[in-house]
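A closer look at the structure
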Amino acid sequence: MDKETVEIVGDNHISTSVETPILKNAFEKSDDQKIERIQHLFGEIMKELGLDLNDDSLSGTPYRFAKMYVKELFYGLNPKNKPRLSVFENKYRYQKMLVEQNITIDSSCEHHFLPITGHAHIAYIPKNKVIGLSKINRLVDYYAHRPQVQERLSLQILRDLQHILETDDVIVMISAKHLCVSSRGIKDKDSFTTTLEYGGCFNQATKRNEFLKLIDHV
Ligand SMILES: [Zn+2]
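None of the values given here were measured: they were computed from a predicted structure.

1. Details of the overall build of the chain
Helix and strand counts for the chain come out as seven helices and seven strands. Ordered by position from the N terminus, the helices and strands of the chain form the series α-α-α-β-β-β-β-α-β-α-β-α-β-α. Along the first, second and third principal axes, the C-alpha atoms of the chain reach 65 × 40 × 30 Å. Looking at the chain residue by residue over its 218 residues, the buried ones come to 38%. When contacts within the chain are restricted to residue pairs at least 6 apart in sequence, long-range pairs at least 24 apart make up 69% of them. For the chain, the separation between the mean place of its 29 positive charges and that of its 30 negative charges on side chains is 7 Å.

Take a look at the structure:
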């Protein structure tokens with residue numbers, strides 16, 4: 001996209017597909033090699049901004065920045081960091097709604113690389129499989145730790161859960177604040193964004209409302 005098109009598109013959050021656009025050779029380099037290269041590149045950005053990297057307070061910043069990107073904020077880009085999501089037979093034949101709510105969202109928007117923070121609320125209705133509850137949190141954490149678009153984040157979580165739980169009866173709601181909306185651009189401090197993705201029985205309004213009522217959103 002050229003500079004002019006980027007300006008016209010502005011802050012409209014366009015996402016091109018459910019898959020995060022990742023290069024084929026994305027993981028040929030080791031994390032340490034990436035950190036070294038990003039450290040150099042970010043140092044150049046700081047210098048271009050006019051900062052003196054010889055200052056004691058700034059000299060370690062390029063390394064801290066690079067390590068934070070590769071190891072902390074964006075470790076969810078690498079499939080090798082995906083949590084193992086063990087599922088179990090649904091031995092108690094529990095067939096009602098199971099809700100995991102207030103799961104912390106710590107993500108970054110892929111258009112501005114600024115934080116997205118909020119909560120995810122997820123429910124499913126078990127068929128033959130159930131999942132350890134903390135595994136849902138781990139899956140959310142994994143997909144959140146890559147440059148994201150909130151709509152795609154919701155879909156990636158939904159699809160994975162539907163796949164491993166072997167049912168379409170899953171619903172994912174995310175409410176989050178985007179720093180790119182609150183601290184720049186329109187600078188709206190109070191607005192937040194809610195996305196709702198679902199399948200199977202949650203296509204019925206009554207099931208959806210049951211979920212929304214449980215998480216206290218109606
Ligand atoms: Zn943004």
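Next comes the rest of the write-up.
2. Some details on the coordination of the zinc ion
Expected angles at a metal are 109.5 degrees for tetrahedral coordination by four donors and either 90 or 180 degrees for octahedral coordination by six donors. Within the protein, the zinc ion binds to Cys109 (SG), His112 (ND1) and Cys180 (SG); these donor distances fall in the range 2.2 to 2.3 Å. Within one chain, the residues donating to the zinc ion are spaced in sequence as C-x2-H-x67-C. Of the residues examined, Cys109 reaches a relative accessible area of 1% and is grouped as buried. Look at His112 and you get partly exposed, because its relative accessible area is 24%.

3. Overview of the sheet that holds strand β7 (residues 193–198)
In space, the five strands of this open sheet follow the order β5-β2-β3-β6-β7, with mixed pairing throughout. Lying at the two open borders of the sheet, with one neighbouring strand each, are β5 (147–148) and β7. In this structure, strand β6 (residues 170–178) lies alongside β7, joined through six bridges in antiparallel fashion. Paired with Ser175 across the two strands is Thr194, which belongs to β7.

4. Describing the side chain of His121
Along the polypeptide, His121 turns up in strand β3 (residues 115–124). For His121, a relative accessible area of 4% translates into the label buried. A distance of 3.0 Å separates a polar atom in the side chain of His121 from the backbone nitrogen of Asn102.

5. Points about the packing of aromatic side chains
Two numbers describe a pair of aromatic rings. These are the distance of the centres and the angle of the planes. Tallied over the full model, the rule gives seven aromatic pairs. Aromatic side chains Phe42 and Phe65 sit 3.5 Å apart centroid to centroid with 5° between the ring planes, which places their arrangement in the stacked category. Placement of Phe42 in helix α2 (residues 31–48) and of Phe65 in helix α3 (residues 61–73) is noted, with a sequence separation of 23 residues between them. Judged by relative accessible area, which is 16%, Phe65 ranks as buried. Judged by centre distance (6.5 Å) and plane angle (75°), the rings of Phe202 and Phe211 are edge-to-face. By relative accessible area, Phe211 is classed as buried at 0%. Aromatic rings pair up to connect Phe42, Phe65, Tyr69, Phe74 and Phe113 into one cluster.

6. Things to note about the pairing of strand β2 (residues 98–109)
Bridge count between β2 and β3: nine bridges; the pairing is antiparallel. What sits directly across from Asp106, in β3, is Thr117. Counting the residues between successive antiparallel strands, the hairpin from β2 to β3 contains five residues, one of them, Phe113, with a positive phi of roughly 55°. The pairing of β2 with β5 spans two bridges and is classified as parallel. By the bridge assignment, Ser108 is partnered in β5 with Pro147.

7. What about the packing of helix α4 (residues 133–144) against helix α5 (residues 150–165)?
Orientation of α4 relative to α5, taken along the N-to-C sense of each, is 140°, at an axis distance of 10 Å. What the angle tells us is that α4 and α5 run oblique. In the packing of α4 onto α5, the handedness of the crossing is right-handed. Residue-level contacts link Ile136, Leu139, Val140, Tyr143 and Ala144 of α4 to Leu153, Gln156, Ile157, Asp160 and Leu161 of α5. Taken together, the residues that form the contact of α4 with α5 break down as eight nonpolar, one polar and one charged.

Parameters and conventions
- Residues numbered from 1 in each chain as written.
- Predicted model: local features only at pLDDT ≥ 70, side-chain atom pairs only at ≥ 80, totals over all residues.
- Heavy atoms only, no water.
- Helix = DSSP H or I, 4+ residues; strand = E, 2+ residues; numbered from the N terminus.
- Buried < 20%, exposed > 50% of the residue type's maximum accessible area, 1.4 Å probe, protein only.
- Contact = heavy atoms within 4.5 Å.
- Lys, Arg positive; Asp, Glu negative; His and termini not counted.
- Charge placed at Lys NZ, Arg CZ, Asp CG, Glu CD.
- Donors = N, O, S within 2.8 Å, 3.2 Å for Na, K, Ca; no water.
- Pairing = 2+ DSSP bridges.
- Polar contact = N/O pair within 3.5 Å; in protein donor to acceptor, adjacent residues only side chain to side chain.
- Phe/Tyr/Trp six-rings, centres within 6.5 Å; stacked < 30°, edge-to-face > 60°.
- Axes fitted to C-alpha atoms, helices over the stretch in contact; angles between N-to-C directions.
- Parallel < 35°, antiparallel > 145°, perpendicular 65-115°, else oblique.
- Left-handed = near helix turned anticlockwise from the far one by under 90°.
- Nonpolar A, V, L, I, M, F, W, Y, C, P; charged D, E, K, R; others polar.

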